[in-house]
Amino acid sequence: MKTALVTGGNKGIGHEVARRLAAKDFHVFVGARNPSAGRAAADEFTKNGGKATFLEIDVADNASVTSAAHEFSKIADHLDVLINNAGIIVDGDDAILKISDDIFRRTLETNTLGALRVTRAFEPLLAKSKTPRVINVSSGGGQLTGGADGWAPAYCISKTALNGVTSQLAAALPKFAVNSVCPGWVRTDMGGQGAVRSVEEGADTIVWLAADAAQTLTGKFLRDRKEIPW
């Protein structure tokens, strides 16, 4: 049975990705900061016939990430797919010349460094897979061309940097498939109900990369299963 860890797997796009991978017979580890929400999601997937385990993890806390990797290794001896989905938009992230250093740091800590530290901590477990895959959930708002429109600048810059992390990881891990995904503007707590895409549409490329894409596809930024510029 293949294994997958989805950070922020208790709600939104992460929840949908985890649900669909569980339905594809992955043992899904639902990574979440909130134990009650994480356990509830894992229990839901199990009741629907999948195999799911809650894994407490705060991607902004190095000790929490290290502990999560240790706990994971007690349950499974390898990891096939890591989906770095957890992300935040901080209140006050309104204008590039007005956001505080604190807002900028908090956003980068979770959205950019979080993905890197989780990948670093789980790399030994991923290396034991025949087809290790890392999928970073990014945003079109992070694109250098056409991405910046003034909305949530710290968030968007954190996603530009996340794409850079993806590129560097792909170079450092040549046997891995490491890619970034723009799910589009999705109806979630973060995206709001006015968003143009459903969570099913937002999750599609992520699930495809996790389960069906060629292992040779790496170092790319994708939307709707196609490479896009960043």
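Treat the numbers as computed from the prediction; the structure is a model and nothing was measured.

A. Molecular detail of the environment of A210. Looking at the secondary structure, you find A210 in helix α7 (residues 199-211). Judged by relative accessible area, A210 falls into the buried class, the value being 2%. Discounting chain neighbours no more than four positions away, the residues touching A210 are L21, F26, V81, I83, R133 and I135.

B. Representation of the sheet that holds strand β1 (residues 3-7) in the model. Across the sheet, 8 strands lie side by side as β3-β2-β1-β4-β5-β6-β7-β8; this open sheet has mixed pairing. Bordering the open sheet on either side are β3 (51-56) and β8 (226-227), each of which pairs with just one other strand. Where β1 lies against strand β4 (residues 81-84), 3 bridges are found, and the strand directions are parallel. When the sheet's bridge partners are listed, V6 is paired in β4 with I83. Where helix α1 (residues 12-23) meets the sheet, its contacts fall on β1, β2 (27-32) and β4, and the angle it forms with β1 comes to roughly 170°.

C. Spatial organisation of the pairing of β1. Judged by how many residues are buried, β1 sits mostly within the fold: 5 of 5 residues are covered. Bridging between β1 and β2 involves 5 bridges; their strand directions are parallel. Paired with T7 across the bridge in β2 is G31. Following the chain from β1 across α1 to the adjacent parallel β2, one finds a crossover that is right-handed.

D. Region of the structure containing a nonpolar patch on the surface. On the surface, a nonpolar cluster with roughly 320 Å² of combined accessible area is contributed by I96, L97 and I157. Along the polypeptide, I96 turns up in the loop between β4 and α4 (101-111). Its relative accessible area of 46% is what places I96 among the partly exposed residues.

E. Inspection of the side chain of N84 at higher detail. Structurally, N84 can be placed in strand β4. Here the side chain of N84 touches T119 through a polar contact of 3.1 Å, side chain to side chain.

F. Molecular detail of the packing of aromatic side chains. If you walk through the whole model with that rule in mind, you get 3 aromatic pairs. Relative to F122, the ring of F72 lies with its centre 5.7 Å away and its plane at 90°, an arrangement referred to as edge-to-face. In this pair, F72 sits in helix α3 (residues 62-75) while F122 sits in helix α5 (residues 113-126), placing the two residues 50 residues apart along the sequence. Summarising the burial analysis for this pair, F72 and F122 share the class buried. Between W151 and Y155, the ring centres sit 5.4 Å apart and the planes meet at 70°, which makes this aromatic pair edge-to-face. Take W151: its relative accessible area is 46%, and that puts it in the partly exposed class. Exposure remark for Y155: the relative accessible area of 7% places this residue in the buried category. Among the aromatic residues, those joined into a cluster by ring pairs are F29, F72 and F122.

Conventions used here
Residues numbered from 1 in each chain as written. Predicted model: local features only at pLDDT ≥ 70, side-chain atom pairs only at ≥ 80, totals over all residues. Heavy atoms only, no water. Helix = DSSP H or I, 4+ residues; strand = E, 2+ residues; numbered from the N terminus. Buried < 20%, exposed > 50% of the residue type's maximum accessible area, 1.4 Å probe, protein only. Contact = heavy atoms within 4.5 Å. Pairing = 2+ DSSP bridges. Axes fitted to C-alpha atoms, helices over the stretch in contact; angles between N-to-C directions. Right-handed = clockwise from strand over helix to strand, strands pointing away. Patch = residues over 30% accessible without salt bridge, like charges linked within 9 Å, V, L, I, M, F, W, Y side chains within 5 Å. Areas by Shrake-Rupley, 256 points an atom, 1.4 Å probe, with all protein chains shown as cover. Salt bridge = Lys/Arg side-chain N within 4 Å of Asp/Glu carboxyl O. Polar contact = N/O pair within 3.5 Å; in protein donor to acceptor, adjacent residues only side chain to side chain. Phe/Tyr/Trp six-rings, centres within 6.5 Å; stacked < 30°, edge-to-face > 60°.

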